[in-house]
Structure formats: structure tokens, C-alpha cells
Amino acid sequence: LVSRKAHPNDTIVEINGTKLGSGEQHFIMGPCAVESYEQVKAVALAMKAQGLTLMRGGAFKPRTSPYDFQGLGMEGLQILRQVADEVGMSIISEILTPHDVEVALQYTDVIQIGARNMQNFELLKTVGRFNKPILLKRGLAATIEEFINAAEYILAQGNDQVILCERGIRTYEKATRNTLDISAVPILKKETHLPVVVDVTHSTGRKDLLFPTAKAALAIGADAIMAEVHPDPTVALSDAQQQMNIPEFHEFMDGLKAFKEKL
Ligand code: PEP
Ligand code: MN
């Protein structure tokens, strides 16, 4: 069902008027984790000033260590929804288990399935049963074929509102947090009809690489760029080293808008 052969036209996933897969290139920005109303509001206002409509933020965080901040859970989703409604934005947030689907349907506009759950088949089947946009991230060490099959699980249940997200894969290279597989973008666009997003934050794990990799992603045909922004990354409860602060976010956006003009 995800195959381009079966379905030659691009699938457009529309999120409150913002169309992913339509040929327009969008930006999904926001903090790694929801920490407070004030934190989310500050990011949302900066995004609004840039004309952006898609805000990300984790309420249920899949952390490598059980002793790290696990997210605010329900309270985090409520904060996201409140800010999104005040500012006029759509929200994307990750869930970790099928038990969270019900609240996610209520509070989010797009449900994110993270890299660690790309092959959580029960979760994929559950989100496949609803008519809700799903942002599916590539697994930590998943091949493109495995990634496409994970998306197939969702479509097989009837939900074709799936957005694929390349977020880097684990290789022997240690200079970056993961290795961004930029060629996955044209391969996924060729093999499937689904929109493709590139997450420059989790793939590189380096602030100094966000701008050049985002330019590469736009040039190669990504439908959207995802990156993390925090009002004060030095005190962030997760991914402190790799989130942009607000002045850096504006510089990033201004630079990418100028770059898009030249494409
Ligand atoms: C995230 O986007 O918040 C996240 C945890 O990313 P990933 O699943 O790609 O590691
Ligand atoms: Mn993060």
C-alpha cells in the first residue's frame, strides 16, 4: 500500500491547512521535551513570528536511561494543546504505547512514533485504525526496507495519513550522534508516495550542523525539516547540547528561507 507502484500520486497529509507532500517545504520545530507552559509558549511565539504552523514537543519521552527526565505525560499534552490553541498552531507529539493513543487523539494533531518504536507492531497497528496523521521515525538501525514495512503496518489498518521521518541511523561514525542518511529521502520519495521529513537535530546531534544539513535536505527534496528549539537549551531537561536557542532559531529560519529562494 505504501508503494509508489500501487499509488503513483503523492499522498498529501493535511494538518489544519498545512499540506505535507504537496511540493511545499515546511518546518516542524519545537522543544525536545515539554517542560513548562512558559517554555512552550516562548518557542511557539518565535515560531509564529516566522510564520510556522507545526510545533513538536515530547510529553512522553523515550529516554535511554530510566533515571533521566521521562516527560510530563498528560500534563505535557495539555500544555501543548493550550499553547497551540492560543497561538494558532498544530502539534506533533510522541506516544510510547497503545494505551496513550486515546489521549493523543484528543490532544495532538499528529501522533509521532519514535525511532525506538518503529517496530513496535502493536503500536503501529493501533494508530493505523484511526484517521489521524502519524509521523513515523526511522528506527535506530533500521534499513529503508524495514522502515517502509513499518509504514505498511499503519496503512494496512486503513490509515494512509503517514509521514516518514529520516532521523539518522547508527553507524561506526562517532563525529555525529547518528549518521544522517540523506539519500534515504529520494529513495523514500521514489519507492513510496508518502511525505518525507528530515530531522536534523537527532540525526546530527550537533548545533553547528543543523543549518548545512537542513539545506541539504531541502535541496534533495524533503517535504519538511524537523529541528529542536528551546528558550534556554543550557537548562533543558533533555538534549541540552543540540537544541537551538531563540536567536539561533531565527538565524536558522532566515538563512533557510533565503536558501529556498535560490532552489
Ligand atoms: C524525538 O523526536 O523527540 C525523538 C526522541 O527522536 P527519535 O525517536 O528520532 O530519537
Ligand atoms: Mn530530542
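Residues numbered from 1 in each chain as written. Chains lettered and ligands numbered in written order. Predicted model: local features only at pLDDT ≥ 70, side-chain atom pairs only at ≥ 80, totals over all residues.

### As for the sheet that holds strand 8 (residues 162-166)
Across a sheet, strands are paired by hydrogen bonds formed along the backbone, either parallel or antiparallel in direction.
Alright, step 1. Strand order around the closed barrel formed by eight strands is 3-4-5-6-7-8-9-10, with parallel pairing between neighbours. Across the sheet, the mean angle from the axis of one strand to that of its neighbour is 25°, orientation sign disregarded.
Alright, step 2. As defined by bridge partners, strand 5 (residues 90-94) adjoins strand 6 (residues 110-113) across three bridges and the pair is classed as parallel. Of the residues in strand 6, the one forming a bridge with Glu 94 is Gln 112. (Pairing = 2+ DSSP bridges. Helix = DSSP H or I, 4+ residues; strand = E, 2+ residues; numbered from the N terminus. Axes fitted to C-alpha atoms, helices over the stretch in contact; angles between N-to-C directions.)

### Focus: the confidence of the model for the protein
Alright, step 1. The share of residues in the protein with pLDDT of 70 or more is 100%, and the mean pLDDT across the chain is 98.
Alright, step 2. Confidence estimates for the predicted assembly give a pTM of 0.98 and an ipTM of 0.99. (pLDDT = per-residue confidence, 0-100.)

### Focus on the environment of Pro 98
Alright, step 1. Summarising the element assignment, Pro 98 is placed in the loop between strand 5 and helix 3 (101-107).
Alright, step 2. Between the alpha carbons of Pro 98 and Tyr 37 there is a distance of 26 Å; along the sequence they are 61 residues apart.
Alright, step 3. Setting aside chain neighbours within four positions, we find Pro 98 in contact with Glu 122, Leu 123 and Thr 126. (Contact = placed C-beta atoms within 7 Å.)

### Here we look at helix 8 (residues 210-220)
Alright, step 1. Within helix 8, the full set of buried residues consists of Leu 210, Thr 213, Ala 214 and Ala 217. Along the axis of helix 8, the buried positions cluster into a sector of 105°, meaning they face one direction only.
Alright, step 2. In the core, the buried residues of helix 8 are packed alongside helix 6 (184-191), strand 9 (196-199), helix 7 (200-204), strand 10 (224-228) and helix 9 (246-262).
Alright, step 3. Residue Gly 221 follows helix 8 closely and has a positive phi angle near 105°. (Buried ≥ 20, exposed ≤ 12 C-beta atoms within 10 Å, placed from the backbone. Arc of directions from axis to C-beta.)

### Observations concerning the site of ligand 1
Alright, step 1. Cys 32, Gly 58, Pro 62, Glu 94, Gly 114, Ala 115, Arg 116, Lys 137, Arg 167, Asp 199 and His 202 make up every residue found near ligand 1.
Alright, step 2. Across the shell around ligand 1, the residue classes tally to three nonpolar, three polar and five charged. (Near = placed C-beta within 6 Å. Nonpolar A, V, L, I, M, F, W, Y, C, P; charged D, E, K, R; others polar.)

### Here we look at the environment of Phe 147
Alright, step 1. Locating Phe 147 in the fold gives a position in helix 5 (residues 144-156).
Alright, step 2. Accessibility expressed as a C-beta count within 10 Å gives 27 for Phe 147, which makes it buried.
Alright, step 3. A C-alpha to C-alpha distance of 9.4 Å links Phe 147 and Leu 188, two positions 41 residues apart in sequence.
Alright, step 4. Sequence-distant contacts of Phe 147, defined by excluding residues within four places in its chain, comprise Met 118, Arg 138, Gly 139, Ala 142 and Leu 164.

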